[in-house]
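Architecture and fold: a report
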Amino acid sequence: MTARLLALLLLLAGLAPLPARALESNVATSPRAQVSLVSESDAFQPGQPLRIGLRLRMAPGWYTYWRNPGDAGAPAEFDFQLPEGATAGPIAWPTPTRHATGPVMSYGYEGEILLPVTLTLPATLPPLSLGEPLTLQLHATWLVCERICVPEEADFTLTLPSGTPTPSAEAPLFATADANTPHTAATNTPWQAEISPEGLLSLRLPGLDATQVREAWFAPYAWGQIEHSAPQTLTTAEGGFSLALRPGTEFRHQAGLAGIVVVTDHTGRTTAMELAATPGPTAIPAATLPLWQLVAFALAAGMILNLMPCVFPVLAMKAIGLAALAGKSRGAALAQAGAYAAGVLATFLALAGTLVAMRAAGSVVGWGFQFQSPVFVAATAWLLLAIGLNMSGLYAIGGGRVATLGAGTTQRGGLLGSFLTGLLAVLVATPCTAPFMGAAIAGALAAPLAVTLLGFLAMGAGFALPYVLFAAIPGFARMLPRPGAWMDILRQALAFPMYAAAVWLLWVVSLQAGPTGVLTTASGMLLVAFALWAVGLSQSRGGSWRRLGTASALLAGLGAIAVLTTLATTPTATAAAPSNQPQPDASEPFTPRRLAELRAAGTPVFINMTAAWCVTCIVNEQVALAQPAIRQAFAAGNITYLKGDWTRRDPAITEYLRALGRDGVPLYVLYPGKAAAPVILPQILTEARLLQELARTQQGDQP
Amino acid sequence: MTLRRRHLLALPAMALPATLATPAHANPTIGALAPGFTGTDSNGAAIALAQFAGKPVILEWTNDGCPYVRKWYSSGAMQDLQRQAAAMGAIWLSVISSPPGEQGFAEGPHANELTRTRNAAPAHVLLDPDQKLARLYGAMVTPHIFIVDATGKLAYMGGADSIPSARAEDIPRATPYVRDALTALAAGQPIATQVTRPYGCVVKYRTQA
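Residues numbered from 1 in each chain as written. Chains lettered and ligands numbered in written order. Predicted model: local features only at pLDDT ≥ 70, side-chain atom pairs only at ≥ 80, totals over all residues.

**Focus on the overall build of chain A**
From N to C terminus, chain A includes 18 helices and 23 strands. Looking at the 703 residues of chain A, the share that counts as buried comes to 46%. Taking the intrachain contacts of chain A between residues at least 6 apart in sequence as the baseline, contacts between residues at least 24 apart amount to 77%. (Helix = DSSP H or I, 4+ residues; strand = E, 2+ residues; numbered from the N terminus. Buried ≥ 20, exposed ≤ 12 C-beta atoms within 10 Å, placed from the backbone. Contact = placed C-beta atoms within 7 Å.)

**Observations regarding the overall build of chain B**
The secondary structure content of chain B amounts to 6 helices and 9 strands. For chain B, with 209 residues in total, the buried portion stands at 43%. A fraction of 75% describes how many contacts in chain B between residues 6 or more apart in sequence connect residues 24 or more apart.

**Digging into the packing of helix 3 (residues 77-87) of chain B against helix 6 (residues 177-186) of chain B**
Residue and element names in this part refer to chain B. Interaxial distance between helix 3 and helix 6 falls to 10 Å at its minimum, and their mutual angle equals 10°. Judged by the inter-axis angle, helix 3 sits roughly parallel to helix 6. Counted together, Leu 81, Gln 84 and Ala 85 of helix 3 and Val 178, Arg 179 and Leu 182 of helix 6 form the full contact between these two elements. In the contact of helix 3 with helix 6, the residues fall into 4 nonpolar, 1 polar and 1 charged. (Axes fitted to C-alpha atoms, helices over the stretch in contact; angles between N-to-C directions. Parallel < 35°, antiparallel > 145°, perpendicular 65-115°, else oblique. Nonpolar A, V, L, I, M, F, W, Y, C, P; charged D, E, K, R; others polar.)

**Brief notes about the sheet that holds strand 14 (residues 213-220) of chain A**
Residues and elements named next belong to chain A. Across the sheet, 7 strands lie side by side as 14-17-18-12-13-16-15; this open sheet has mixed pairing. Bordering the open sheet on either side are strand 14 and strand 15 (233-237), each of which pairs with just one other strand. Each strand axis lies, on average, 25° off the axis of its neighbour in the sheet, ignoring direction. Sheet analysis places strand 15 next to strand 16 (residues 240-244), joined by 5 bridges and oriented antiparallel. Paired with Leu 234 across the two strands is Leu 243, which belongs to strand 16. (Pairing = 2+ DSSP bridges.)

**Quick word on the nonpolar core**
Counting 112 residues, the largest nonpolar core has Leu201(A), Ile58(B), Phe146(B) and Val203(B) as its most contacted members. Tallying contributions element by element places strand 10 (residues 134-145) of chain A first for this core, with 8 residues. Looking at which domains feed residues into this core, each of domain 1 (20-179) and domain 2 (185-279) of chain A supplies at least three. Apart from the residues within four sequence positions on either side, Ile58(B) is in contact with Ala85(B), Ala90(B), Trp92(B), Leu93(B), Ile145(B) and Ile147(B). In this structure, Leu494(A), Val509(A), Ala601(A) and Ala659(A) belong to the second largest nonpolar core, which totals 77 residues. (Core = buried A, V, L, I, M, F, W, Y, C linked by C-beta atoms within 7 Å. Domains from an automatic or database assignment.)

**Thoughts on unusual backbone geometry**
Look at the link from Thr142(B) to Pro143(B): it is a cis peptide, with omega at -10°. With respect to the helices and strands, the residue Pro143(B) is situated in the loop between strand 6 (141-142) and strand 7 (144-148). The residue Asn638(A) is not glycine, and still its phi comes out positive at about 55°. Following the sequence through the fold, Asn638(A) ends up in the loop between helix 16 (628-636) and strand 21 (640-645).

**Considering the sheet that holds strand 23 (residues 679-681) of chain A**
Residue and element names in this part refer to chain A. Strand order in this open sheet of 5 strands is 19-21-20-22-23, and the pairing throughout is mixed. Bordering the open sheet on either side are strand 19 (588-589) and strand 23, each of which pairs with just one other strand. As paired elements, strand 20 (residues 605-610) and strand 21 share 6 bridges and run parallel to each other. Note on strand 21: the bridge partner recorded for Thr 610 is Asp 645.

**A word on the environment of Arg206(B)**
Residues and elements named next belong to chain B. Its place among the elements puts Arg 206 in the segment after strand 9 (201-202). In the structure, Arg 206 is positioned 107 residues away from Pro 99 in sequence and 7.2 Å away in space, judged by C-alpha atoms. Setting aside chain neighbours within four positions, we find Arg 206 in contact with Pro 99 and Gln 131.

**Regarding the confidence of the model for chain A**
Residues with a pLDDT of 70 or more make up 80% of chain A, whose mean pLDDT is 79. Every residue in residues 398-412 of chain A scores below 50 in pLDDT, and together they form 41 contacts with partners more than four places removed in sequence or on other chains. (pLDDT = per-residue confidence, 0-100.)

**Some words on the environment of Val295(A)**
Residue and element names in this part refer to chain A. Within the secondary structure, Val 295 is located in helix 3 (residues 291-305). Here Val 295 falls in the buried class, since 22 other C-beta atoms lie within 10 Å of it. Taking the C-alpha atoms as reference points, Val 295 and Phe 456, separated by 161 residues in sequence, lie 8.6 Å from one another. The contacts of Val 295, once residues within four sequence positions are left out, are Leu 454, Gly 455 and Ala 458.

**Some words on the pairing of strand 20 of chain A**
Residues and elements named next belong to chain A. By the criterion of burial, strand 20 is predominantly enclosed, with 6 of the 6 residues buried. Where strand 20 lies against strand 22 (residues 667-671), 5 bridges are found, and the strand directions are antiparallel. Its bridge partner lying in strand 22, Phe 606 is registered against Leu 670.

**Quick look at helix 6 of chain B**
Residue and element names in this part refer to chain B. Those residues of helix 6 not exposed but buried are Tyr 177, Val 178, Ala 181, Leu 182 and Leu 185. Across the axial projection of helix 6, the buried residues extend over an arc of 130°, all falling on one side. Buried residues along helix 6 sit against helix 3, strand 7 and strand 8 (154-158). Positive backbone phi, at 70°, marks Gly 188, one or two positions downstream of helix 6. (Arc of directions from axis to C-beta.)

**Concerning helix 2 (residues 67-74) of chain B**
Along helix 2 of chain B, the residues that are buried comprise Pro67(B), Tyr68(B), Val69(B), Lys71(B) and Trp72(B). Immediately beyond the C-terminal end of helix 2 of chain B, within one or two residues, lies Gly76(B), with a positive phi of roughly 85°.

**With respect to the packing of helix 3 of chain A against helix 9 (residues 449-472) of chain A**
Residue and element names in this part refer to chain A. Contact geometry for helix 3 and helix 9: axes closest at 6 Å, N-to-C directions at 35°. Relative to helix 9, helix 3 is oriented so that their crossing is right-handed. Contacts from Leu 291, Leu 294, Val 295, Ala 298, Leu 299, Ala 300, Ala 301, Gly 302, Met 303 and Leu 305 of helix 3 reach helix 9 at Val 451, Leu 454, Gly 455, Ala 458, Met 459, Gly 460, Ala 461, Gly 462, Phe 463, Leu 465 and Pro 466. (Left-handed = near helix turned anticlockwise from the far one by under 90°.)

Structural data, given as structure tokens:
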């Protein structure tokens, strides 16, 4: 006993090897491999974990497989017969190497390998009396391949004496296996891994000198996550590196990606790490704009928004607003402009607040989200109708006199009218994003609240700026003709764009809520028109007409509100469900799964994210996408056209937009077939520009 | 303005590192037209995918020495699938892609002998010793199954069933992906599972220099 203790001390001091006892089972021998079950220690102790492992010694050229075998093959499987209460953990798979055979990629091991398993032994082993040996039985199957594959299986029996465990003769095999097993987060310094929707795996390792990373490759734990044999391009950067993987058919961005990454440094030393990459944003940086740039973008976006096709009903209101400045002093004109700007800014702030609050509450919403509600669309249609009727002269608002919207005969009524015009202009203009807006909104929403509000305020300021500048031009009011009958005629004429916009919104409702929704919305329009006629009647007549008119207006108004509540409860299911039938424009409905499939196959894809309420989107479709030359280019380039309809809420589309750093439609993305980098196309499409982009895909690789 | 916008839009494309090179093999895609081919069968006849337009076509990569293939033929399960396909008017093509000197290589007479002794029922056995067809479809293993529907589109690719073992006794316990796909096709219904993990022996690709 003393001698043994002494020997152990010597071992601990590393001075002399202990003549350790061999603990190896029967050996299953074939011309391909010698396989046995071995133990790390030479004895077992109840209540203590015990490490055992399958030892495979393969003949030259033969190999066996990792947990994910790759495109072919199968991993080893263990079936233990253990004493009651004992359990076997998972196999601690050592880092595999890669074998490529033609297009087939395999992950496996050559030569000698140990597949360790930790057994947990209960404190008491019922069938055993004290001091009795422990017998472990394992039925194992494994596949060995060279040019041919042979499944092998065997039963192993290993007996361990009871006693104080000391390292067995096979313990060094376990040490070798441990040294060759990927580090887990627990055994390594903290690092972060993210996977982008395109399959770019980014690793951040604080303190890592990435310039020393010479080579790296990734292997997933599950089949189908990536194309195993696709090249993995390494890009190093400060404190990290990335691998461009090609997503496989089972890749789901939101599920993340688990596996190992094997890194070779400049000295040729190889390290493997286990990782569970979390879903990260697209590789296209968007939300990292510096503040000044964010504000500049927002300002520019707001100004450009004035020119987007989306806002054509608003242009009518703006024209009236400008005309209303006729004959006014500069001060009065500026006051009007100020009221308009205040309306715009207040509405932008309210929208920003609502967006932030809805997102905080977990809603998946994006820019223009309010138009995804048929109730909002119907209410906006009624509002436009009401404004149109006001312009047509059916009734007056603002002080109850003849003050029609924007006419501004009295200072007070005029200012309120201008404020309301600003409010309405923003509400109606928001369905679309303009150039710069995508980046600005996404950046603003990703930033702290104060920056978010600042971004939206800047956008509002940009939106109001042209109007304010006009008003501020000295003598601008004097350049307009003197107030007179022309103003009434202009106002009446401009009522028609309002009616046109109401018709368009009615069409949007038809797509969102079907025929029932159209009936409800049109009935509401009827009630609104009746109520306003009654208001006009009470305004223009005295006495009992006045009371009758007011009462009728009130009744009709209540009726309209009641109608709106029925629309709110109209199930959107009555709307046509997106069908998988080929669409007349040869597009397929967008689903993330379909995109992943096509990307995995390297098929070029054109993505069109659109909505019925987005006029810019519809203009683009008519001007560019529907042109025969574009259809031909799609067919010639074997480009699959995926169309995502955001008319109704669709979390999958919102998520996709956000992944690309956008928050609204339109969005056009071209995935060239063989290059991984998607190209985001302009929000104003022209046939020529689109053809040019499509031609680039056909040329194949990137310039 | 136009220039500035283009410049801005060019940024995202540049921000990504230059990435993947051309893959070494084609990837067939579910729902897309299956790659067309003309091959030679075990009787020396030219067989083109196009000649079966209007009928479903099943491609089965095979290698009679592979234990996973043996699992399917010793149990009679692969022959059953072949007869199920024939009964619904589908064309079953067994493909042998092993080159000379490798396991599974067969010339015409031997391939026909295998069909006879195994009581198999493919419409044709295609001989692909230079692996052109295997590369065209990205065949990874034997058995690896591809189903082309009557309109010429790829409708299924993957394993013969769900349990990746070489044990015949696992077949009754597994989800029979190919049988289910054929049943759905015959009934004119969508195929529930269209892509599965293929399992088996590596197709004997000749190592390229």
